[in-house]
Each structure stands twice: as C-alpha cells, then as structure tokens.
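# Examining the three-dimensional arrangement
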Amino acid sequence: MPNIEIIGLIAATLTTACFIPQVYKVWKEKSTKDISLVMYIVFMIGLALWLWYGIEKESISMVLANSGTLLLAFAIFIAKLKYK
C-alpha cells in the first residue's frame, strides 16, 4: 500500500469519527432541531460524488472515508425526518 493511502486512511478515520458524537447525541436526545436538513442533503450528495470518485480512482481511503461518513450522515438525515 502506498504511503499516500496510509495518510488517506488516517484522514478518513479522523474525519469519519467526527460524526460519531453527533449521531450519538441525536440518538440519545431524540432531537435534531438545530440541524439543517438542506445542509445534510447537500452534504450527502457531495459525499456520494466523492465516493463515486474514490471508486473510479480505486482509492481505498476515499471509498472507506466517504462510505462511512455517508452512512453516519444518512443516520442523522433519517433522524432529522423522524424527530424534527
């Protein structure tokens, strides 16, 4: 594995992990009143495009980062629809 992919995997881990506290807070408090639905829609579209790009480039770090973050963002998006 090239060194640049190792850097990418570290970056992927850190940026994806940032969403875990937010998902936990939403789940625990059952509240998303301070979260912008439009922002999450645009963000998820961006993540999906980055995921596609990572797949095309065959970059495991990009695929893992964007698929993991997309799943966490989608969880918050679903909670936003459910809890308002």
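Here, every reference points to the structure presented above.
None of these values were measured; they are calculated from a predicted model.

Below, the discussion takes up helix α4 (residues 60-83). The end-to-end C-alpha distance of α4, which contains 24 residues, comes to 34 Å, matching closely the 34 Å that a straight helix rising 1.5 Å per residue would cover. Where α4 is concerned, the buried positions are Ser61, Met62, Ala65, Asn66, Gly68, Thr69, Leu72, Ala73, Ile76, Phe77, Ala79 and Lys80. Packing partners of the buried residues in α4 comprise α1 (3-17), α2 (19-29) and α3 (37-57). Following α4 by one or two positions, lysine 84 adopts a phi angle in the positive range, close to 50 degrees.

A separate point is a nonpolar patch on the surface. Among the surface-exposed residues, Met1, Ile6, Ile10, Leu14, Ile60 and Leu64 lie close enough to one another that they form a single nonpolar patch of about 610 Å² accessible area. At the level of secondary structure, the elements contributing two or more residues to the nonpolar patch comprise α1 and α4. Sorting elements by how many residues they give to the nonpolar patch places α1 first, with three residues. Inspection of the secondary structure assignment puts methionine 1 in the segment before α1. By relative accessible area, which is 65% here, methionine 1 ends up exposed.

Along the chain, asparagine 66 turns up in helix α4. Not counting chain neighbours up to four residues away, the residues in contact with asparagine 66 comprise Leu47, Trp50 and Leu51.

Conventions we followed
- Chains are numbered independently. Their residues run from 1 in the order of the written sequence.
- With pLDDT at 70 or above as the cut-off, local features in this predicted model cover only qualifying residues; side-chain atom pairs require 80 or more to be listed or tallied, and sums for whole chains, interfaces and linings still use all residues.
- Side-chain descriptors were evaluated using all non-hydrogen atoms of the structure, hydrogens and water having been removed beforehand.
- Only runs of H or I of at least four residues qualify as helices and only runs of E of at least two qualify as strands under DSSP, and these elements are numbered from the N terminus.
- A helix is expected to span 1.5 Å for every residue after the first.
- Partly exposed describes any residue whose relative accessible area lies between the buried limit of under 20% and the exposed limit of over 50%, with all areas from a 1.4 Å probe on protein chains only and scaled to the type maximum.
- For this analysis, residues touch if any pair of their heavy atoms sits within 4.5 Å.
- Only residues above 30% relative accessible area that lack a salt bridge enter a patch, with like-charged residues linked at up to 9 Å and the nonpolar side chains Val, Leu, Ile, Met, Phe, Trp and Tyr linked at up to 5 Å.
- In these tables, accessible area is a Shrake-Rupley quantity obtained with a 1.4 Å probe, and a residue counts as shielded only by the protein chains included in the view.
- We define a salt bridge as a contact between a side-chain nitrogen of Lys or Arg and a carboxyl oxygen of Asp or Glu at a distance within 4 Å.

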